[in-house]
There are 2 protein chains.
Amino acid sequence: MAELDRVIHEPVRLRIMACLDALNPKEQVDFVYLRDLLAVTDGNLGAHLQKLEEAGYISVKKRFVGRKPKTFISATTKGRAAFGEHVEALRGIIEGGEAGGVS
Amino acid sequence: MAELDRVIHEPVRLRIMACLDALNPKEQVDFVYLRDLLAVTDGNLGAHLQKLEEAGYISVKKRFVGRKPKTFISATTKGRAAFGEHVEALRGIIEGGEAGGVS
């Protein structure tokens, strides 16, 4: 029975993972782009990214673009797999009325 | 843009609403049935039901069946509509990489 992953389920994190999962494996997004896309504050996005990074679901890299430090985010293989399973669990609930557990 | 409803999004409440939404309009479920289906404790289920009831999404009625008091739960019209919108918002995120807001 597919289970919901509470790390991914939180609304902002669900949107972050959906966005990252839609990219090609080597692609990454810029912090500012993600912040504006999700309409959240720097602090809010930072906290959610930290939680996803701690779970090993995303990779966060800082590097200079010209003289400016920028933060780039991408989904890890583990993160893509976890997101895939989470989506499967969600589908089971919203389509099947299936009532599995919560991890 | 469809928004996620935090009252419904919480995993246990999402499962409750999915279960109730799958019933016919006049049907209701018994508290014990729901508790066992979701594998949660009485206290946990009670707290989530209260939250959904406060939002006007479910109706909770106690009545005697023989000598035993039983609690019956059903989705309200408002609850069904809110669940439908929530599912639509979820689909937008997991299928489209759409990045809407959070209410």
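To be clear, the structure that these remarks concern was listed above.
What comes next concerns the included structure.

Cut-offs applied
Residues numbered from 1 in each chain as written. Chains lettered and ligands numbered in written order. Predicted model: local features only at pLDDT ≥ 70, side-chain atom pairs only at ≥ 80, totals over all residues. Heavy atoms only, no water. Helix = DSSP H or I, 4+ residues; strand = E, 2+ residues; numbered from the N terminus. Buried < 20%, exposed > 50% of the residue type's maximum accessible area, 1.4 Å probe, protein only. Contact = heavy atoms within 4.5 Å. Areas by Shrake-Rupley, 256 points an atom, 1.4 Å probe, with all protein chains shown as cover. Lys, Arg positive; Asp, Glu negative; His and termini not counted. Charge placed at Lys NZ, Arg CZ, Asp CG, Glu CD. Phe/Tyr/Trp six-rings, centres within 6.5 Å; stacked < 30°, edge-to-face > 60°. Lys NZ or Arg CZ within 6 Å of the ring centre and 35° of its normal. Pairing = 2+ DSSP bridges.

This part covers the overall build of chain A. Within chain A, the secondary structure is distributed over five helices and three strands. Secondary structure elements in chain A, listed N-terminal to C-terminal, are α-α-β-α-α-β-β-α. Each principal axis of the C-alpha distribution contributes one length, and for chain A these read about 50 × 25 × 20 Å. The 103 residues of chain A split such that 47% are buried. Sequence separation of 24 or more characterises 60% of the internal contacts of chain A that already satisfy a separation of 6 or more. On chain A, roughly 5400 Å² of surface is accessible, and the fraction owed to carbon and sulfur atoms is 52%. A gap of 10 Å separates the mean positions of the 15 positive and 14 negative side-chain charges of chain A.

Summed over the entire model, instances satisfying the criterion amount to zero aromatic pairs over all chains. One Lys or Arg, Arg63(A), reaches over the ring of Phe72(A) and ends 4.2 Å from the middle of that ring.

Here we take up the pairing of strand 2 (residues 58-65) of chain B. Residue and element names in this part refer to chain B. Two strands pair when backbone bridges link them, and strand 2 and strand 3 (residues 68-75) are joined in this way by eight bridges, in the antiparallel orientation. In the sheet register, Lys61 faces strand 3, and the bridge partner there is Phe72. What sits between strand 2 and strand 3 in their antiparallel hairpin is a turn of two residues, with Gly66 showing a positive phi close to 65 degrees.

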